[in-house]
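Close look at the chain arrangement
Here's the letter readout for the chains.
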Amino acid sequence: MMDADVIIVGAGPTGLMLAAELRLAGVRPLVLERQPRRRQTPKAGGLGGQILELLRYRGLLERFEVACTDPVPAPRFPFGGVHLDLTQLADPPLHALPLPQQLLERLLDERAGELGADVRRGHEVSGVSQDEAAVTVDVRGPDGPYRVNAHYLVGCDGARSRVRDRAGIGFPGTVYPEVNRLAQVTLPETVTVLGNGDLDVPGFGTIRAGFTRTDHGLFGCGSSPGTQIVSLYTIEDESTEYDDDLPMTVAELQDSIRRVLGAELPVEQAHRLSRFTFKARQAERYRHKRILLAGDAAHLFPATGVALNAGMLDAVNLAWKLAADLHGRAPTGLLDTYHTERHHAGARTMLHTRAQVALRRGHDAAAEALREVFQELLTDEQPLRRMGALVAGTDIRYPMPGTSPHPLAGTFAPNLALHTDQGTTSLANLLHPARPILLDLADRPELRQTARDWRQRVDIHTAKTDNRPADVLLIRPDAHIAWAATLDEPAGDAVPALREALSGWFGAP
């Protein structure tokens, strides 16, 4: 008897999301976290990208939105020293919630607990081994050492992942010699916040809103109209190694501003202080036998605002595949598609974050010209949408089997409004249980009949929708389309293709 089906090392957002998704799929996860309590050190200040839509598909987005104490900001996002200003778009491809990571982790912890996940804090992994049947983990807990085993182990234990090291998985990449400091503070009344967001600082003069580049780094500021609350940002070239658990202080922030800008900026109160360095690393493989990686243990990106999105989407992709394997219904190679798909997504995220490095690190006239031209291109709707989707991760199309898969196959399923005999609903509502769906949008009884051989694993729904994208959609638990029947596709072509897709993703009937 195994102590758990899956051991998850690390109770950050990725690990907690994975635990919840596994519980939805009927799997017993055990989460081991070395910290005795949830971290209070500020890290990410918000959540954005494709994961927000996935949370909607789990029925969680409203719960997360209600928890936000700050107003949702306008869709304007930093990109390598310039901005993606999506405010001109009625339906921007990139959204964000102002949800500090401490609050995000509390919400995910509550969700995992409600579903029955076992989360143990203050339990540090000291050893890992695996054989053909199981993974064994040595743990140092509050009451002494002990040993647990499971069918699989997932390392969600961050950039310095011990699980990754013990599995012998390489983590190549680049470390950039710079330190970023981010803060939200209240300034005293002696500093005037002007109507355009500029700051009038006694003894220094005006600091303009947005980014200011100097010979010593980059300074950024932004304010909320009518308040003394401002966001501050500095980037400096620095080779100091900082402990992630060592909080940043107001004095450290002010010292950095002084070095970069040459200004003495008084601070009345700090609401958020965080420090981070930039690395571009990606694990050579996300799976080694019974050990898998997700989140920062699998990838580090040299730009802000993307790590949580990528890590939590790793978890959603992995959970249903692990569950299928553990329940004995996974087709050959299903679990290996976790690496294929999420390594592809990680490489795509790495592409645009490395491009941001090139944009922000240049200090000469040529670099300024590059940023100016890039910003000018983003005044046009098409490139603006393309860049927004790239950052959000909504442009990802997973590689699909077959010689010519449907154009929708591998993409995230759109949240269609659905009209049924029971009333109006949406695709998001149908995906709350995290089960595969066959969605018949064109009354194709022969395709519904084909899927009935898989009815214990796949939910079958019939509905109408405006602007039907396909006759039938086969949708995985992670909301990606596994197969689609083209409009009016003949039954002789669609039936065998659907049967092949059902077998290929969800096992033999």
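Residues numbered from 1 in each chain as written. Predicted model: local features only at pLDDT ≥ 70, side-chain atom pairs only at ≥ 80, totals over all residues. Heavy atoms only, no water.

Section: empty space enclosed by the protein
Basically, it comes down to this: A cavity here means a set of 1 Å grid points, computed over protein atoms only, where a 1.4 Å probe fits but cannot escape. A pocket is an open set with protein on both sides within 12 Å along at least 5 of 7 lines, and lining residues have an atom within 4 Å of a point. Grid points are joined across faces, edges and corners, and a volume is the space filled by probe spheres set on the points. Helix and strand definitions follow DSSP, with helices as H or I runs of at least four residues and strands as E runs of at least two, each counted in order from the N terminus. Residue polarity is assigned by list, with Asp, Glu, Lys and Arg as charged and Ala, Val, Leu, Ile, Met, Phe, Trp, Tyr, Cys and Pro as nonpolar; anything else, Gly included, falls into the polar class.
Scanning the model with the defined rule gives three cavities of 30 Å³ or more in all. What the largest cavity holds in volume is close to 220 Å³. Lining of the largest cavity is provided by 21 residues; of these, Leu313, Arg342, Ala345, Gly393 and Ile396 occupy positions nearest its centre. Per-element accounting of the lining of the largest cavity gives the leading share, five residues, to helix H7 (residues 307-326). Residue composition of the lining of the largest cavity, grouped by class: 12 nonpolar, six polar and three charged.

A short note on the pairing of strand S11 (residues 173-186)
Definition in use: Only strands that DSSP links by at least two bridges are regarded as paired with each other.
Bridge analysis of S11 against strand S18 (residues 269-282) gives 11 bridges, and the strand direction is antiparallel. Residue pairing for S18: Thr186 is matched across the bridge by Gln269. Summarising the sheet, S11 and strand S17 (residues 229-237) pair through nine bridges and their orientation is antiparallel. Looking at S17, one finds that Glu178 is bridged to Asp237.

Examining the packing of aromatic side chains
Quick reminder of the rule: Note on aromatic pairs: the rings of Phe, Tyr and Trp (six-membered ring only in Trp) are paired at centre separations within 6.5 Å, and the planes decide the class, stacked below 30 degrees, edge-to-face beyond 60, tilted for the rest. Residue exposure (1.4 Å probe, protein chains only): buried if accessible area is under 20% of the type maximum, exposed if over 50%, otherwise partly exposed. The criterion is that NZ of a Lys, or CZ of an Arg, lies within 6 Å of the ring centre and within 35 degrees of the ring normal, and then a charge sits over that ring.
For the structure on display, the rule yields seven aromatic pairs. Plain terms: the ring middles of Tyr286 and Tyr338 are 5.9 Å apart, the flat faces sit at 50° to each other, and that makes the pair tilted. Of the two residues, Tyr286 is situated in the loop between S18 and strand S19 (287-288) and Tyr338 in helix H8 (residues 336-361); the sequence distance between them amounts to 52 residues. Assessed through its relative accessible area of 0%, Tyr338 is described here as buried. Aromatic ring contacts, followed pair by pair, group Trp320, Trp505 and Phe506 into a single cluster. The ring of Tyr152 has Arg290 sitting right over it, with the charged end atom 4.9 Å from the ring centre. Sitting over the ring of Trp505, Arg476 keeps its end group 4.7 Å from the ring centre.

Some points on helix H13 (residues 491-506)
What counts, and what does not: Every helix has an expected span of 1.5 Å times one less than the residues it contains. Read the arc as the range of directions from the helix axis to the C-beta atoms. Residue contacts are defined here by distance: any two heavy atoms, one from each residue, within 4.5 Å place the two residues in contact.
The terminal C-alpha atoms of H13, which comprises 16 residues, lie 21 Å apart, in line with the 22 Å expected from a rise of 1.5 Å per residue. When H13 is considered as a whole, its buried residues turn out to be Ala494, Leu498, Ala501, Leu502, Trp505 and Phe506. Down the axis of H13, the sector holding all buried residues measures 100°, keeping them to one side. Residues of H13 that are exposed and point over 90 degrees away from its buried face: Gly492 and Glu500. Tucked into the core, H13 has its buried residues touching H7, H8, strand S24 (437-440), helix H12 (445-451), strand S26 (472-475) and strand S27 (481-485).

Thoughts on unusual backbone geometry
The phi dihedral of Lys289 falls on the positive side, at around 60°, and the residue is not glycine. Take Lys289: it is sitting in the loop between S19 and strand S20 (291-293). Taking relative accessible area as the criterion, Lys289 reaches 51% and is therefore assigned exposed. Even without being a glycine, Ala479 presents a positive backbone phi close to 75°. Within the element layout of this structure, Ala479 appears in the loop between S26 and S27. According to the relative accessible area criterion, Ala479 is buried, its value standing at 0%.

Notes on the sheet that holds strand S21 (residues 299-300)
The six strands lie next to each other as S15-S16-S17-S11-S18-S21, forming an open sheet whose pairing is antiparallel. The sheet terminates laterally at strand S15 (210-214) and S21, the two strands that pair on one side only.

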